[in-house]
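Spelled out from the first residue to the last, the chains are:
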Amino acid sequence: MNNYKKLLGSKIKEKRKAKNLTQEQLAELVDIGTPNISYIENGKFYPTVETLEKICKALNVKPFELYMFDSERNIDEIKEEMFNELENNEKLLKQMYKIFLAIK
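Since we're looking at a predicted model, the values are computed, not measured. (Residues numbered from 1 in each chain as written. Predicted model: local features only at pLDDT ≥ 70, side-chain atom pairs only at ≥ 80, totals over all residues. Heavy atoms only, no water.)

Novice: Is there a simple way to explain helix α4 (residues 49-59) in this structure?
Specialist: One full turn of an α-helix is made of 3.6 residues, so residues set three or four places apart face in the same direction. Considered for burial, the residues of α4 that qualify are T51, L52, I55, C56 and L59. Take α4 and look down its axis: the buried residues cluster within an arc of 140°, on one side only. Opposite the packed face of α4, turned more than 90 degrees from it, sit the exposed residues V49, E50, E53 and K57. Where α4 is buried, its residues contact α1 (4-18), α2 (23-30) and α3 (34-41). (Buried < 20%, exposed > 50% of the residue type's maximum accessible area, 1.4 Å probe, protein only. Helix = DSSP H or I, 4+ residues; strand = E, 2+ residues; numbered from the N terminus. Arc of directions from axis to C-beta. Contact = heavy atoms within 4.5 Å.)

Below you can see the structure in the form of structure tokens.
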């Protein structure tokens, strides 16, 4: 599966840039060193819970927003994951079929 550290880092970087903040400015708001922001954004480190809370506050986002990666996955990856899961889980397959029928 995808490297979640890199996905989280990319999402933080995307949100930071959307707020027109530099890494230095975000580091100052979060009270950590600029290299640490760089390491987080490049997927080298996970932020601590405390740091993640500060990043969310500085970027004005909820923590769950930083973990919404599906939009960054291509459709083939999504299909493969879903088909593999459905193939191995009869109960889930039946539930998904009911959802499919409801929205079809």
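Novice: Teacher, can you tell me more about the nonpolar core here?
Specialist: Soluble, globular proteins show a tendency: their nonpolar side chains are buried together. Counting residues in hydrophobic clusters, the biggest one holds 16 residues, and the most contacted among them are I12, L26, I55, L59 and L66. Those elements that provide at least two residues to this core are α1, α2, α3 and α4. With 4 residues, α4 is the single largest residue contributor to this core. Other than its neighbours up to four places away in sequence, I12 contacts L26, I40, E41, I55, L59 and L66. (Core = buried A, V, L, I, M, F, W, Y, C linked by side-chain atoms within 4.5 Å.)

Novice: How should I be thinking about the pattern of salt bridges in this particular structure?
Specialist: Pairs may arise between side chains of opposite charge once their charged atoms sit close together. Summed over all chains, the structure comprises 2 salt bridges. Taking the shortest distance from any N to any O, the salt bridge between R16 and E41 comes out at 2.5 Å. Taken as a pair, R16 in helix α1 and E41 in helix α3 lie far apart in primary sequence, 25 residues in all. This pair shows no difference in class: R16 is buried, exactly as E41 is. As a salt-bridge pair, K94 and E90 come within 3.2 Å of each other at their nearest N and O atoms. Of the two residues, K94 and E90 both sit in helix α6 (residues 90-103), 4 residues apart, roughly one turn of that helix. (Salt bridge = Lys/Arg side-chain N within 4 Å of Asp/Glu carboxyl O.)

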